[in-house]
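Report on the structure
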Amino acid sequence: MKKYFLQSFILILLGFIGCNQNNNSNKKALQSWNEGKSKSEIIDFVNKITDEQSKDFIKPSNRVAVFDNDGTIWSEKPIYFQFYFAIDRVKELAPKHPEWKKKEPFKSILKNDEQAILKHGLDGVLDVLYATHTGTTVSEFHQIVAKWIQTAKHPVKNVPYTNLVFKPMLELLDYLREHEFKVYIVSGGSVEFMRPIISEIYNIPYEQIIGTSFKTEYDYNNGNPVIKRLSDVDFNNDKGGKPVNIQKIIGKKPIFCAGNSDGDLAMMQWTASNSKSSFNIYIHHTDAEREWAYDRNSHVGKLDKGLDAAKEKGWILVDMKNDWKIIYTFEAK
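Reading the values: rules and limits
Residues numbered from 1 in each chain as written. Predicted model: local features only at pLDDT ≥ 70, side-chain atom pairs only at ≥ 80, totals over all residues. Heavy atoms only, no water. Helix = DSSP H or I, 4+ residues; strand = E, 2+ residues; numbered from the N terminus. Buried < 20%, exposed > 50% of the residue type's maximum accessible area, 1.4 Å probe, protein only. Contact = heavy atoms within 4.5 Å. Axes fitted to C-alpha atoms, helices over the stretch in contact; angles between N-to-C directions. Left-handed = near helix turned anticlockwise from the far one by under 90°. Pairing = 2+ DSSP bridges. Phe/Tyr/Trp six-rings, centres within 6.5 Å; stacked < 30°, edge-to-face > 60°. Core = buried A, V, L, I, M, F, W, Y, C linked by side-chain atoms within 4.5 Å. Salt bridge = Lys/Arg side-chain N within 4 Å of Asp/Glu carboxyl O. Expected span 1.5 Å × (residues − 1). Arc of directions from axis to C-beta. Parallel < 35°, antiparallel > 145°, perpendicular 65-115°, else oblique. Nonpolar A, V, L, I, M, F, W, Y, C, P; charged D, E, K, R; others polar.

Moving on to the overall build of the protein chain. Of the regular secondary structure elements, the protein chain holds 13 helices and 7 strands. By principal-axis analysis of the C-alpha atoms, the protein chain measures approximately 90 × 50 × 40 Å. A burial count over the protein chain gives 49% of its 333 residues as buried. Long-range contacts, defined here as pairs at least 24 residues apart, represent 65% of the contacts in the protein chain between residues at least 6 apart.

Now the structure itself:
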């Protein structure tokens, strides 16, 4: 009888200690998030799927989380940061291309006419990307991007682009990793543009960064092998392309997904179709004072169908204005 009582007491005590440790961990989690539905539901989900006694327990090998990048972990206004890189690159390469002074959209870029640039649509964007993102080896392109990010500043905020990372989202990445999630970036941005910049900032290895890719070819290069970047898109990692690449590269359905636009809707749907418990969050840009406020009518980061889907399916809509104490990492200093 005493033995049975002692075993029961130990089990209760261990459960109490575990509960206290969990509560202490939760108190330290997501410090830049205000108390509310978004924060509490994230923590509740993680507690549920990491509790071995829960019917919703998911073993660590299946804890896959996918995050969009532009507008989800860093800002994306007035245009994507990658296109600002392309604009600066056009100006840098212009002396070698005198024909650009008469050719659009290069002509508008050299005149600093952003509105005219946008009028040239997808074809114009592709022309600029091909001219600025190809014709080098992968290694050379990484060096070009790494050099640019060291000095480039956002034209509106007048701070380095790396300062415009959302601190609450960095905390979320850390929180998930602490609970044995494997975190991937799955973005419409160019994978070779993102890797030299965000890998260290987000603490995510190159191989867990998935994005749009350009065609490449191998060149033995007289005993010094290189991978050359060609002027053609290999895979557009946006919208329906995201779940296709997730399956091709990761090979498992995510159980956690974060995005901010209609471009992430297919990735959300794919995550929600998981037979295990799953969790989707949309970052809703509602803070015009500290960042930007936009959704349905935005030409960048449009959130229209995704906004309706989130409300219909009960996905979390993170209200940046009300859910986040601070937005950018530099504000914490």
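Back to the text.
The contact between helix H3 (residues 81–93) and helix H6 (residues 121–133) brings their axes to 9 Å, and the two run at 65°. H6 is crossed by H3, and the crossing has left-handed handedness. Here Gln82, Phe83, Phe85, Ala86, Arg89, Val90 and Leu93 of H3 come into contact with H6, specifically with Val125, Val128, Leu129, Ala131, Thr132 and His133.

Let's shift gears to the sheet that holds strand S3 (residues 209–219). Adjacent strands of a sheet pair through backbone hydrogen bonds, lying either parallel or antiparallel. Pairing is mixed across the open sheet formed by 7 strands, whose spatial order is S4-S3-S2-S1-S5-S6-S7. Sheet topology places strand S4 (226–235) and strand S7 (316–319) at the edges, where each strand pairs with a single neighbour. Neighbour to neighbour, the strand axes of the sheet diverge by 35° on average, direction disregarded. Pairing of S3 with S4, which is carried by 6 bridges, proceeds in the antiparallel orientation. Residue pairing for S4: Tyr218 is matched across the bridge by Ile227. H6 rests against S3 and S4 of the sheet, and its axis sits at about 175° to S4.

This part covers the packing of aromatic side chains. Think of a pair of aromatic rings as described by two things: how far the centres are apart, and how the planes are tilted against each other in angle. Taken as a whole and judged by the stated rule, the model has 20 aromatic pairs. Between the aromatic rings of Tyr84 and Tyr161, the centroid separation amounts to 6.1 Å while the plane-to-plane angle is 40°, which identifies the pairing as tilted. Of this pair, Tyr84 sits in helix H3 while Tyr161 sits in the loop between helix H7 (138–151) and helix H8 (167–178), and the two are 77 residues apart along the sequence. Accessibility classification places Tyr84 together with Tyr161 in one group, the buried group. Plain terms: the ring middles of Phe166 and Trp324 are 5.5 Å apart, the flat faces sit at 50° to each other, and that makes the pair tilted. Here the residue Phe166 occupies a position in the loop between H7 and H8, and Trp324 occupies one in the segment after helix H13 (320–323), the gap between them amounting to 158 residues. Judged by relative accessible area, Phe166 falls into the buried class, the value being 0%. Overall, the relative accessible area of 1% leaves Trp324 in the buried class. An aromatic cluster is defined as three or more aromatic residues linked by ring pairs; in this entry it consists of Trp74, Phe81, Tyr84, Phe85, Phe141, Trp148, Tyr161 and Phe193.

A separate point is the nonpolar core. Ranked by size, the top nonpolar core spans 71 residues in total, and within it Phe67, Met169, Leu172, Phe181, Tyr202 and Phe256 carry the most contacts. The greatest single-element share of this core, amounting to 8 residues, is contributed by H3. Not counting chain neighbours up to four residues away, the residues in contact with Phe256 comprise Phe45, Val64, Ala65, Val66, Phe67, Leu172, Leu176, Phe181, Thr271, Phe279 and Ile281.

This part is about the pattern of salt bridges. Under the defined criterion, the tally for this structure stands at 14 salt bridges. The partner of Asp56 in a salt bridge is Lys55, with the nearest N and O atoms 3.4 Å apart. Assessed through its relative accessible area of 17%, Asp56 is described here as buried.

In this section: H6. Here H6 spans 18 Å end to end across 13 residues, near enough to the 18 Å set by a 1.5 Å rise per residue. For H6, the set of buried residues is Gly124, Val128, Leu129, Thr132 and His133. For H6, the angular spread of the buried residues around the axis is 135°, confining them to a single face. Along H6, exposed side chains directed more than 90 degrees from the buried face belong to Leu122 and Asp123. The first or second residue beyond H6 is Gly135, which carries a positive phi of 85°.

Moving on, we come to the packing of H3 against H7. Remark: H3 packs on H7, axes separated minimally by 11 Å, with the N-to-C direction vectors making an angle of 100°. Between H3 and H7, the angle falls in the class roughly perpendicular. Counting all contacts with H3, which are made through Phe81, Tyr84, Phe85, Asp88 and Arg89, the residues of H7 involved are Phe141, Ile144, Val145 and Trp148. Looking at the contact of H3 with H7, its residues break down into 7 nonpolar, no polar and 2 charged.

This part covers unusual backbone geometry. Residue Pro78 follows Lys77 across a cis peptide bond; omega there is -10°. Take Pro78: it is sitting in the loop between strand S1 (64–67) and H3. A cis amide bond, omega 0°, links Glu104 with the succeeding residue Pro105. Within the secondary structure, Pro105 is located in the loop between H3 and helix H4 (106–110). Although it is not a glycine, Glu180 sits at a positive phi angle of roughly 65°.

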